[in-house]
Amino acid sequence: FTFVCPTEILAYNHRVTQFQELNCQLLGVSIDSHHVHRAWRGTKIEDGGIGEVAFPLVADVNKTIANDYGVLLPGGMALRGLFLIDPKGNVVHETINNLDIGRNADETLRVLEAAHFAAEHGEVCPAGWTKGQSGMKANPAGVASYLAKNASKL
């Protein structure tokens, strides 16, 4: 764990119900061992740990997952990768951050909601789309119609 990891784990843990409502299973994967995970879970939050979390932490000590998802650096450290994978096993979104920059659980929820919207409605989600907003048809007329109404808001 880096010093940013506990903040990310807690942010996602605070929103685990929202992810479950979107039929999303959270997994925390690190190159640390299950012993390290147990130690961090066993350390109180106010002492710098994570306490109990409501989603699995996977120990990728062989670094196979990190390597397969392209986040393993030469020398063996892993960047902060986030991958949304659809029910068919396709990565529909990924973001990779340097070690110094934490991931944003609210942005992950927004992107997950956009993926659900696009799949359900057959429309695309424009820049900054949030739940409750309209999508647009993925054709020249659809983008023209959307931009005519919304270009100044982008």
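Let me begin by describing the structure that accompanies this report. Only a predicted model underlies this, so the values are computations on that prediction, with no experimental measurement involved.

Digging into the overall build of the chain
1) Next: Looking only at helices and strands, one finds 6 helices and 4 strands in the chain.
2) Next: Mapped from its N terminus to its C terminus, the chain presents α and β elements in the order α-α-β-α-β-α-β-β-α-α.
3) Next: Once the C-alpha set of the chain is aligned to its principal axes, its extents read approximately 55 × 35 × 30 Å.
4) Next: Classification of the 154 residues of the chain by burial places 30% in the buried group.
5) Next: Considering only contacts within the chain whose residues lie at least 6 apart along the sequence, 46% involve residues at least 24 apart.
6) Next: In the form shown here, the chain has an accessible surface area of approximately 9,600 Å², with 54% of it arising from carbon and sulfur atoms.
7) Next: Averaging the locations of the 13 positively and 16 negatively charged side chains of the chain gives two centres separated by 4 Å.

Points about the layout of surface pockets
1) Next: Put simply, the largest pocket is a space of about 1,400 Å³.
2) Next: The wall of the largest pocket is formed by 46 residues, among which L27, V29, G81, L82 and F83 lie closest to the centre.
3) Next: Of all the secondary-structure elements, those providing two or more residues to the lining of the largest pocket are α1 (5–14), β1 (28–30), β2 (57–59), α4 (64–68), β3 (80–85) and α5 (105–121).
4) Next: When residues in the lining of the largest pocket are grouped by element, the largest group, 6 residues, is from β3.
5) Next: Taken together, the residues of the lining of the largest pocket sort by class into 31 nonpolar, 9 polar and 6 charged.

Details of unusual backbone geometry
1) Next: Within the chain, N23 stands out as a residue other than glycine whose phi angle is a positive 60 degrees.
2) Next: Residue position: N23 is located in the loop between α2 (16–21) and β1.
3) Next: Judged by relative accessible area, N23 falls into the exposed class, the value being 70%.
4) Next: The phi torsion at K63 lies on the positive side, around 65 degrees, for a residue other than glycine.
5) Next: Note on placement: K63 falls in the loop between β2 and α4.

Some remarks on a nonpolar patch on the surface
1) Next: A contiguous nonpolar surface patch, about 490 Å² in accessible area, is contributed by L27, V29, I65, Y69, I85 and V91.
2) Next: Along the chain, Y69 turns up in the loop between α4 and β3.
3) Next: Of the residues examined, Y69 reaches a relative accessible area of 33% and is grouped as partly exposed.

A word on the pairing of β3
1) Next: The alternating pattern of β3 places R80, L82 and L84 on a buried face, while none of G81, F83 and I85, on the opposite face, is buried.
2) Next: For β3 and strand β4 (residues 91–97), the ladder comprises 6 bridges, and the chain directions are antiparallel. Each bridged residue has a counterpart across the sheet, and for G81 the counterpart in β4 is I96.

Let's talk about the nonpolar core
1) Next: In terms of nonpolar packing, the biggest core is built from 18 residues, with Y12, F19 and F55 touching the most fellow members.
2) Next: Secondary-structure elements contributing two or more residues to this core are α1, α2, β3 and α5.
3) Next: A total of 4 residues in this core trace back to one element, the largest contributor, which is α5.
4) Next: Non-local contacts of F55, meaning those with residues more than four positions away in its chain, are made with I9, Y12, N13, V16, Q25, L26, L27 and G28.

Reading guide: rules and limits
- Residues numbered from 1 in each chain as written.
- Predicted model: local features only at pLDDT ≥ 70, side-chain atom pairs only at ≥ 80, totals over all residues.
- Heavy atoms only, no water.
- Helix = DSSP H or I, 4+ residues; strand = E, 2+ residues; numbered from the N terminus.
- Buried < 20%, exposed > 50% of the residue type's maximum accessible area, 1.4 Å probe, protein only.
- Contact = heavy atoms within 4.5 Å.
- Areas by Shrake-Rupley, 256 points an atom, 1.4 Å probe, with all protein chains shown as cover.
- Lys, Arg positive; Asp, Glu negative; His and termini not counted.
- Charge placed at Lys NZ, Arg CZ, Asp CG, Glu CD.
- 1 Å grid on protein atoms, 1.4 Å probe; cavity = no way out; pocket = protein on both sides within 12 Å on 5 of 7 lines; lining within 4 Å.
- Points joined across faces, edges and corners; volume = space filled by probe spheres on them.
- Nonpolar A, V, L, I, M, F, W, Y, C, P; charged D, E, K, R; others polar.
- Patch = residues over 30% accessible without salt bridge, like charges linked within 9 Å, V, L, I, M, F, W, Y side chains within 5 Å.
- Salt bridge = Lys/Arg side-chain N within 4 Å of Asp/Glu carboxyl O.
- Pairing = 2+ DSSP bridges.
- Core = buried A, V, L, I, M, F, W, Y, C linked by side-chain atoms within 4.5 Å.

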